[in-house]
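A look at the structure
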Amino acid sequence: MNKELPKIYEPQKVEDEIYARWEKSGCFNPDNLQNTVGTHCNVLPPPNANGELHIGHASGYTIMDIFGRYARMNGKKTLLLPGKDHAGIQTQVVFEKKLQAEEGLSRQEVGRGEFYKKTYAFCLDRANYMRSQEKKIGISADWSREKFTLDPDVLKTALETFVKMHEDGLIYKGKRIINWCPRCATALSDVEVHHKDTPGKLYFIKYPLENSEEFITVATTRPETMLGDTAVAVNPKDKRYAKLVGKNIILPLQNTIIPVIADQRIDLSFGTGAVKITPAHDPLDWEIGKDHNLTEIQIIDEKALITEFGGKYAGLTVHEAREAVLKDLEKLHLLEKIEELSHAVSICERCKTILEPLTSSQWFINVDAKTYSLKNEARKVVENAQIEIFPNNFQKVLIDWFDNMRDWCISRQIWWGPQFPVWYCETCGVEKYIVSLEKPKACPHCNGTKLTQDENTFDTWFTSNQWPYTTLKAHGNDYEDFYPTDMMIMGRDLLFFWAARMIMLGIYKTGEAPFKNLFFTGLGLDKEGHKFSKSRGNGIDPLLMIDKFGADALRMSLIMDSAPGQDSRLYEEKIETFRNFANKLWNISRFCLSQENFKLVENIENEDVKTPADAWIISKLDATITEINKLFAGKQIAMAADVLKTFTWNDFADWYVETNKLEKNQAVLGYVLDKILRLWHPFMPFITEHIWELAQIEKMLIISAWPKISNLSTLEIGKNNFEMIQNIITTVRNVRTENKIELGKKITICLNCENVSLLDALKSAFQEDLIKRLKTGIETIKYNEAGAELESSVKRTLGEIDLHIHLANAIDTDKEKEKITKEIENIEKFVSGLTERLSNETFVSKAPAQVISQQKETLAKKQAELIELKKHLATLS
RNA sequence: GGGUGAUUAGCUCAGUUGGCUAGAGCACUUCUCUUACAAAGAAGGGGUCACUGGUUCGAGUCCAGUAUCACCCACCA
């Protein structure tokens, strides 16, 4: 046995080597496991392959790995399937910047084909780097199955879904109003739009009525869009404007004739109640325009410049056009007034540029088709709780989201990403498109051979939303073996982007929801409660923390003190406390390993239990295992780790290890440490595996069995006796401190008790020694000696035992009196409350019998204690 | 405008179907370098569980409302 272990655990020196050993053993691959009790699969959320690991990833991976390791040790064929996402827009933004900075080239200068190749290489490079970071966290994922969203096999399945959806009538191409990002130069889906409350102005503009001196005043925050107005709308119930409906208006600046129409979607109370309608550049106006057959005039183009339809404003930016329009209106005395207004501006999720609503020809998924409603099928599964969601309140959020979901725009005009499997024939034109995975040899309509592919690329979420089955289908029988998967874990910010639509597509494609449990983590916050962000520069680098405190400490700090879905703060001091705990575990083990003939033992027999301490620790361990299993079942891993920490530190280290120094029992010591290492392994895999190896166990801990309870039947009496010993020891220490008796001074105690068998148990040589030596400074113990209480002593009642602590003349009598008086008051208050409750007829008749008998017992105990205390107080005066 | 979460010790947070005098870590006070560990040990102080009502024998926990904060959703131009 190696007795020269360092006093301080040094994770940096062992973690990489341990991870390499796991990898080499092949145990991350379920095919190599001997396990037979079911399966456990968690397809890992693929991080964007364009950067590096951040604390959010680390937090998710830790939780996934904890459940994964727990399942593996419980005999399940366990697969954690890793991957990376090509992350369309975000990667294109990142890589364009890099290209510009490093080579001074724009994407246009490079050309589409070459740009795609370069970006692909960049992603693979990042993926390699990020993989090495993921390994540092200790995630036990099967790297042999790792996938990238653009891998041909994975992508093929995803594109097949597109083809099938098109056949099923769930995909259409149409000219509709969409969110356009002028900077990214692409359409976006609704979830990629963020709203930002911005102080703005509300402009009141007078529109002259045709053949009249009158005006109708409209209010708008975007005056430049008036260039594309094709109507003014009022609410049909609005009496102010009733007589104007049907009349015409001369649109200022453009001098076109547009009608006044009535539509119930207009809010009477906002602005003037009259709204300018610009169907091409406002979502609501677009819908109203459709219903009233208004023309759409696109006056803003995809670069946010005014188009030729903007007349003399053509070519101006939106901002310039606004200034010019306002100036011209003022000249014409048509600008009535300007009010301050705070309103929500749509911005791009990725680059924060203000979005322009545009009508554009795009591809959409009909989420509520008559033949098959994607959103309703998904909603049903969530509502019927076929997926268990942690925390459960997200169920309602999901249902609401499905209810309000609108058609999903899946085409992007960027270069980075898979192109649509759609083909156009030169002669037949864009209307007669062909959907096909492979490029058709000839046009089915005209037999023409000049075919070109649709230039659109997919919304990155279209492929990642299919991740659970595209990845599993790419490898052997994995789909049959593991789908639907067991766990899906993600940050709550991905609820709509990922979770919701993954459920939708999963059910559509496979008939089953892609996972049985959906677990949300909160957001990581800094010490002040701010979100981690690049611009704030408050991020905590997980790799740096691992280097400083060890991966196990980081893992613990990421899962402790937090409930599912709840945001939690992370800061170095917190990680430090778990580094301290890892060190505690290290030193506990170091003590054990230094004992002669020490070894970890898996099983324990009744005859191994020799002392009350043995019985006590095993019974505590049994309770701990039972509790932890219960908590794991409820996905309450933070509480499980907490229970285990208390057991390890406060029970095993503080009491059992100390008693074991006085009366060696290697069997029990080895048994309990064996269990502690197994129980901690999912949470702190590195240190536990390391100690396991030092204990010279051949089979690695990662594939060792999860502990079962001892099932020893003879623990109860010993356990109670040990608790009495603990009580005596704690009380003596307490009294010493209160009376300021320095440690060097030896004292005498006397135990008086009528229960002879209890006293006999405490008298046995070993236990007497224990009571004397555990930091109590006791030299002599007397039993049932009447004389003892006559000397200058302090008396405490501990259940059946009266404990007299002889302090010679060191007692501070006044303090002791004060203390006893306070204690009496305390108990009297408690007793009177309890008495009142027990004499309350309704309580007695309605409360469960168990609660009543428990309370009666407590009352009797406390009353007895009270009598003793009062007697004691009398002797003091 | 709608929704969700939070409010518990000085700070950061746990507290699963209501049940005995509400917990942890950090910080604080006192003592101790006792051969596993000072990244530690021993003893301690500190809380009307945001507020108001309700249900109940019993509420931190359930219900209604209020306040403050945070976040999410949303086509008041």
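Quick note: structure is the one above.
Now for a quick tour of the structure. (Residues numbered from 1 in each chain as written. Chains lettered and ligands numbered in written order. Predicted model: local features only at pLDDT ≥ 70, side-chain atom pairs only at ≥ 80, totals over all residues. Heavy atoms only, no water.)

Let's shift gears to the packing of helix H18 (residues 612–633) against helix H20 (residues 666–680). Interaxial distance between H18 and H20 falls to 11 Å at its minimum, and their mutual angle equals 15°. Taken together, the axes of H18 and H20 lie roughly parallel to each other. Handedness of the H18/H20 crossing: left-handed. On H20, the residues touching Asp 614, Ile 617, Ile 618, Leu 621, Ile 625 and Ile 628 of H18 are Val 668, Tyr 671, Val 672, Lys 675 and Leu 679. Split by residue class, the contact of H18 with H20 holds 9 nonpolar, no polar and 2 charged. (Axes fitted to C-alpha atoms, helices over the stretch in contact; angles between N-to-C directions. Helix = DSSP H or I, 4+ residues; strand = E, 2+ residues; numbered from the N terminus. Parallel < 35°, antiparallel > 145°, perpendicular 65-115°, else oblique. Left-handed = near helix turned anticlockwise from the far one by under 90°. Contact = heavy atoms within 4.5 Å. Nonpolar A, V, L, I, M, F, W, Y, C, P; charged D, E, K, R; others polar.)

It is worth spelling out the sheet that holds strand E8 (residues 215–220) at this point. Judged by pairing direction, the sheet is antiparallel, and its 3 strands sit side by side in the order E8-E7-E13 without closing on themselves. In this open sheet, the two edge strands, each paired with only one partner strand, are E8 and strand E13 (335–348). Neighbour-to-neighbour, the strand axes of this sheet turn through a mean angle of 20°, independent of strand direction. With 6 bridges connecting them, strand E7 (residues 193–208) and E8 associate as antiparallel partners. Looking at the pairing, Tyr 207 lines up with Ile 216 of E8. (Pairing = 2+ DSSP bridges.)

A few words on the packing of helix H1 (residues 11–25) against helix H15 (residues 542–549). The N-to-C vectors of H1 and H15 enclose an angle of 115°; their axes lie 8 Å apart at closest approach. Judged by residue contacts, Pro 11, Gln 12 and Glu 15 of H1 engage Ile 546, Asp 547, Lys 548 and Phe 549 from H15. Classifying every residue of the contact of H1 with H15 by side-chain character gives 3 nonpolar, 1 polar and 3 charged.

Our next topic: the protein's contact with RNA strand B. Lining the immediate environment of RNA strand B, one finds 59 residues, of which Arg 579, Asn 587, Trp 649, Lys 775 and Lys 846 sit closest. For RNA strand B, the backbone portion of the atoms within 4 Å of the protein, that is sugar and phosphate, comes to 60%. For RNA strand B, a sugar or linking oxygen lies 3.2 Å from a polar atom in the side chain of Asn 580. At 2.9 Å from a base nitrogen of RNA strand B is found a side-chain nitrogen or oxygen belonging to Glu 658. Elements that contribute at least two residues to the surface near RNA strand B include exactly E8, helix H17 (572–594), helix H19 (637–662), helix H22 (716–738), helix H25 (813–839), helix H26 (841–846) and helix H27 (849–876). (Near = heavy atom within 4 Å. Polar contact = N/O pair within 3.5 Å; in protein donor to acceptor, adjacent residues only side chain to side chain.)

Turning our attention to the pattern of salt bridges. A full pass over the atoms with the stated rule returns 55 salt bridges. Across the pair Arg 145 and Asp 31 runs a salt bridge whose closest N-O atoms are separated by 3.2 Å. Placement of the pair is Arg 145 in the loop between helix H5 (112–137) and strand E4 (147–148) and Asp 31 in the loop between H1 and strand E1 (39–43), with a sequence separation of 114 residues. Of the residues examined, Arg 145 reaches a relative accessible area of 3% and is grouped as buried. Asp 263 is paired through a salt bridge with Arg 265; the nearest N and O atoms lie 3.0 Å apart. Given the relative accessible area of 5%, Asp 263 is considered buried. Classification of Arg 265 by relative accessible area gives partly exposed; the value is 33%. Bridged by salt links that share partners, the residues Asp 31, Asp 142, Arg 145 and Asp 478 form one connected network. (Salt bridge = Lys/Arg side-chain N within 4 Å of Asp/Glu carboxyl O. Buried < 20%, exposed > 50% of the residue type's maximum accessible area, 1.4 Å probe, protein only.)

By convention here, two paired aromatic rings are described through the distance between centres and the angle between planes. In total, this model carries 42 aromatic pairs according to the counting rule given. With a centroid separation of 4.8 Å and an interplanar angle of 40°, the aromatic rings of Trp 616 and Phe 722 are classed as tilted. Residue Trp 616 is found in helix H18, and its partner Phe 722 is found in helix H22; the two are separated by 106 residues along the sequence. Classification of Trp 616 by relative accessible area gives buried; the value is 1%. (Phe/Tyr/Trp six-rings, centres within 6.5 Å; stacked < 30°, edge-to-face > 60°.)

This part covers H1. Between its first and last C-alpha atoms H1 spans 21 Å; for 15 residues at 1.5 Å apiece the expected length is 21 Å, and the two agree. Of the residues making up H1, those classed as buried are Pro 11, Val 14, Glu 15, Ile 18, Tyr 19 and Trp 22. End-on view of H1: buried residues confined to an arc of 135°, all on one side of the axis. In H1, the exposed residues that point more than 90 degrees away from the buried face are Lys 13 and Lys 24. Residues of H1 that are buried make contact with helix H2 (55–73), H5, H15, helix H16 (551–559) and helix H21 (685–694). (Expected span 1.5 Å × (residues − 1). Arc of directions from axis to C-beta.)

Before going further, it helps to spend a moment on unusual backbone geometry. Put simply, Phe 390 and Pro 391 share a cis peptide bond, and its omega is -5°. Looking at the secondary structure, you find Pro 391 in the loop between strand E15 (388–390) and helix H10 (394–404). Of note, the amide linkage connecting Tyr 483 to Pro 484 takes the cis form, showing an omega dihedral of -5°. Within the element layout of this structure, Pro 484 appears in the loop between helix H13 (478–482) and strand E22 (485–491). Non-glycine residue His 333 carries a positive phi angle of around 60°. Mapping His 333 onto the fold places it in the loop between helix H8 (318–331) and E13. His 333 sits in the exposed class, given a relative accessible area of 62%. Positive phi is not limited to glycine here, since Lys 635 has a value of about 60°.

All we've got here are geometric facts, nothing functional implied.
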